[in-house]
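# Summary of structural features
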Amino acid sequence: MPSYTVLQTPGRNHTAQAHLDYSLFTHSVRSLPERSEWGHSQKGTSPMGYTHLTDISQFISPFAYAKTAGTWTPSVESNIPYDVRTAAAASFVLAIPICLPGSSIKLQGAKLVSIDVYYSIETAGTAFTTTLNLVTMGDHGSGHSGASVPITLDANHNTAAKCYADNDHKLTCSVDAPFFPGNNQALFLCLAVTAAAGTVFANFGAVANFTLRL
């Protein structure tokens, strides 16, 4: 601990001036080790500065989805914005962008754990598949590559018939092996739906659930 010397000035209100004795601080300051991965060290970074937060969520607007077919109408009802498809017997794909921070450093950024998708169906469809796609962007002059990420759907959606049933849906897609996407990678949750003639499909948004490490 530093020591202090108090000086008093005669004839005044004993104003104190604290003088720091730096003699106790002559020991050398240890340099911080270097960190290349989580759990290791990185030069110039204090371990107390790390962020490790679990149960973090990011809402994804239904208006951010890409749609391959159909007539869609942005709507607001009872203070709830949503996007609704006009009934028609046809197939379409919803590509939901999962926008999370990535990093070129291993085990840093956002570790994707699960995705919740909120939608409703009036008049059941006939087919439904769910795929989580990981796209790795190529360098200049080279192409991009895509891969399917292994996932598990919740008990209310573990068959196609449950997914396209006439109901209000919360589909939870859990990543079998949660991971940190790289800084050149993008994630899309794709719902491929075949609608019947009277099927009305409405999107209310999605939520990505992840662990944040910075």
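Core analysis: the biggest nonpolar cluster contains 34 residues, and Ile96, Ile98, Leu112, Val117, Phe128, Leu189 and Phe201 have the highest contact counts within it. Put simply, the parts of the chain that give this core at least two residues each are strand E7 (91–98), strand E8 (109–122), strand E9 (127–136), strand E12 (167–179), strand E13 (185–194) and strand E14 (200–213). Of the residues forming this core, the biggest block, six residues, is contributed by E8. Apart from residues lying up to four places away in sequence, Phe128 is in contact with Tyr119, Ala160, Cys163, Tyr164, Leu171, Leu191, Ala192, Val193 and Phe201.

To continue, consider the sheet that holds strand E10 (residues 145–149). Read across the open sheet, the five strands follow the order E4-E7-E13-E9-E10; overall the sheet is antiparallel. Each end of this open sheet is capped by a strand with a single partner; those strands are strand E4 (66–67) and E10.

Take the environment of Ala197 next. Take Ala197: it is sitting in the loop between E13 and E14. For Ala197, a relative accessible area of 58% gives the class exposed. It is 8.5 Å that separates the C-alpha atoms of Ala197 and Gly125, two residues lying 72 residues apart in sequence. Contacts of Ala197, omitting those with residues within four sequence positions, involve Ala87, Ala88 and Ala89.

Applying the stated criterion across every chain yields a total of six aromatic pairs. Ring plane angle 80 degrees and centroid distance 5.5 Å describe the contact between Phe92 and Phe201, whose orientation is recorded as edge-to-face. In this pair, Phe92 sits in strand E7 while Phe201 sits in strand E14, placing the two residues 109 residues apart along the sequence. Assigned by exposure class, Phe92 and Phe201 land together as buried. Centre to centre, the rings of Tyr119 and Phe128 are 5.7 Å apart; their planes meet at 20 degrees, and the pair counts as stacked. The exposure class of Tyr119 is buried, given its relative accessible area of 1%. Through a chain of ring-to-ring contacts, the aromatic side chains of Trp72, Phe92, Tyr119, Phe128 and Phe201 assemble into a single cluster.

This part covers the pairing of E9. Note that E9 and E13 share 10 bridges and pair antiparallel. Across the sheet, Ala127 pairs through a bridge with Thr194, a residue of E13. Looking at chain direction, E9 and E10 are connected through five bridges and run antiparallel. From the neighbouring strand, Val135 faces E10, where its bridge partner is Gly146.

Glancing now at unusual backbone geometry. With a phi angle near 55 degrees, Ser78 is a residue other than glycine that sits in the positive phi range. Summarising the element assignment, Ser78 is placed in the loop between strand E5 (72–77) and strand E6 (80–85). For Ser78, a relative accessible area of 62% translates into the label exposed. Positive phi, close to 65 degrees, is recorded for Leu107, a residue that is not glycine. Mapped onto the elements of the fold, Leu107 is located in the loop between E7 and E8. Judged by relative accessible area, Leu107 falls into the partly exposed class, the value being 29%.

Reading guide: rules and limits
Residues numbered from 1 in each chain as written. Predicted model: local features only at pLDDT ≥ 70, side-chain atom pairs only at ≥ 80, totals over all residues. Heavy atoms only, no water. Core = buried A, V, L, I, M, F, W, Y, C linked by side-chain atoms within 4.5 Å. Buried < 20%, exposed > 50% of the residue type's maximum accessible area, 1.4 Å probe, protein only. Helix = DSSP H or I, 4+ residues; strand = E, 2+ residues; numbered from the N terminus. Contact = heavy atoms within 4.5 Å. Pairing = 2+ DSSP bridges. Phe/Tyr/Trp six-rings, centres within 6.5 Å; stacked < 30°, edge-to-face > 60°.

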